[in-house]
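# Geometric and topological summary
Okay, here's what each chain looks like letter by letter:
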Amino acid sequence: MKYFIARSNRRVGLRLLLRVGFTRWHMEHLFRVAKDEIGLTHFEGRSYVSLKRHLALCLTVMAFVSRHTTRFRGKKNPEATLEQVCRALRLLCRRYLNRRRGASETQCLLDLLQYHQHRNQAATESHRKRKRKLKRFNTL
């Protein structure tokens, strides 16, 4: 059983209310794709301006992907999804960058793993320093 709570004039018809209520699924799907595939949740900045820039970039990428998804669907492939197009574009970009760098896929993956290990090590050290400062502050 589904239900909706709506604040509207009595003049608004049931058909319009149902159409508006069921469009929420499309928005939730777009946000899930933006978070999983586009990188909407990858922001690690500290300022509002950089957050707005990240959101603008993610929306631009989302528009690009949705445009290409519509183009790929056409008559030949009506089952193409946003996720499939995102993964295909990511694979093409990765292969292009690997060729340009002159590195193999394995070497690029090892470099990426090393980068994440270095970043995690720096974050762990930063947390340790902060805990030490808090302990000294609490014992005073």
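Because the structure is a prediction, the values reported are computed rather than measured.

Scanning the protein chain from terminus to terminus reveals five helices and zero strands. Element order for the protein chain, N to C, with α for helix and β for strand: α-α-α-α-α. Across its three principal axes, the protein chain shows a C-alpha extent of roughly 65 × 55 × 30 Å. Counting all 140 residues of the protein chain, 15% fall into the buried class.

Viewed as axis vectors pointing N to C, helix α3 (residues 48-73) and helix α4 (residues 82-101) meet at an angle of 105 degrees, and their least axial separation amounts to 9 Å. The orientation of α3 with respect to α4, classified from their angle, is roughly perpendicular. Contact with α3, carried on its side by Met62, Phe64, Val65, Ser66, His68, Thr69 and Phe72, involves Leu82, Val85, Cys86 and Leu89 of α4 and no other residues of that element. When the residues that make up the contact of α3 with α4 are grouped by side-chain class, the tally is eight nonpolar, three polar and no charged.

Below, the discussion takes up the state of the cysteines. On inspection of all chains with the given rule, the structure shows zero disulfides. Just so you know, cysteine 58 is unpaired, no disulfide at all, and the nearest cysteine sulfur is the one on cysteine 86, 11 Å from it. Judged by relative accessible area, which is 7%, cysteine 58 ranks as buried. Of all cysteine sulfurs, the one in cysteine 93 lies closest to cysteine 86, which takes part in no disulfide; the gap is 11 Å.

Looking now at the nonpolar core. Membership of the largest hydrophobic core is limited to 10 residues, which are Val33, Ala34, Ile38, Leu40, Cys58, Met62, Val65, Leu82, Val85 and Cys86. At the level of elements, α2 (24-38), α3 and α4 are the ones that each hand at least two residues to this core. Sequence-distant contacts of isoleucine 38, that is, excluding residues within four places in its chain, are made with Val33, Cys58, Val61, Met62, Val65 and Cys86.

A full pass over the atoms with the stated rule returns six salt bridges. In this structure, the salt-bridge partner of arginine 32 is glutamate 83, at a minimum N-O distance of 3.4 Å. Highlighted residues: arginine 32 in helix α2 and glutamate 83 in helix α4, separated in sequence by 51 residues. On the basis of relative accessibility, which here comes to 40%, the residue arginine 32 falls in the partly exposed class.

Another point: α3. Because an α-helix completes one turn every 3.6 residues, residues spaced three or four positions apart along the sequence face the same direction. Between its first and last C-alpha atoms α3 spans 37 Å; for 26 residues at 1.5 Å apiece the expected length is 38 Å, and the two agree. Among the residues making up α3, those that are buried are His54, Cys58, Met62, Val65, His68 and Thr69. For α3, the elements touching its buried residues are α2 and α4. One or two residues past the end of α3 sits glycine 74, with phi positive at roughly 40 degrees.

Cut-off values and rules
- Residues numbered from 1 in each chain as written.
- Predicted model: local features only at pLDDT ≥ 70, side-chain atom pairs only at ≥ 80, totals over all residues.
- Heavy atoms only, no water.
- Helix = DSSP H or I, 4+ residues; strand = E, 2+ residues; numbered from the N terminus.
- Buried < 20%, exposed > 50% of the residue type's maximum accessible area, 1.4 Å probe, protein only.
- Axes fitted to C-alpha atoms, helices over the stretch in contact; angles between N-to-C directions.
- Parallel < 35°, antiparallel > 145°, perpendicular 65-115°, else oblique.
- Contact = heavy atoms within 4.5 Å.
- Nonpolar A, V, L, I, M, F, W, Y, C, P; charged D, E, K, R; others polar.
- Disulfide = S-S within 2.5 Å.
- Core = buried A, V, L, I, M, F, W, Y, C linked by side-chain atoms within 4.5 Å.
- Salt bridge = Lys/Arg side-chain N within 4 Å of Asp/Glu carboxyl O.
- Expected span 1.5 Å × (residues − 1).

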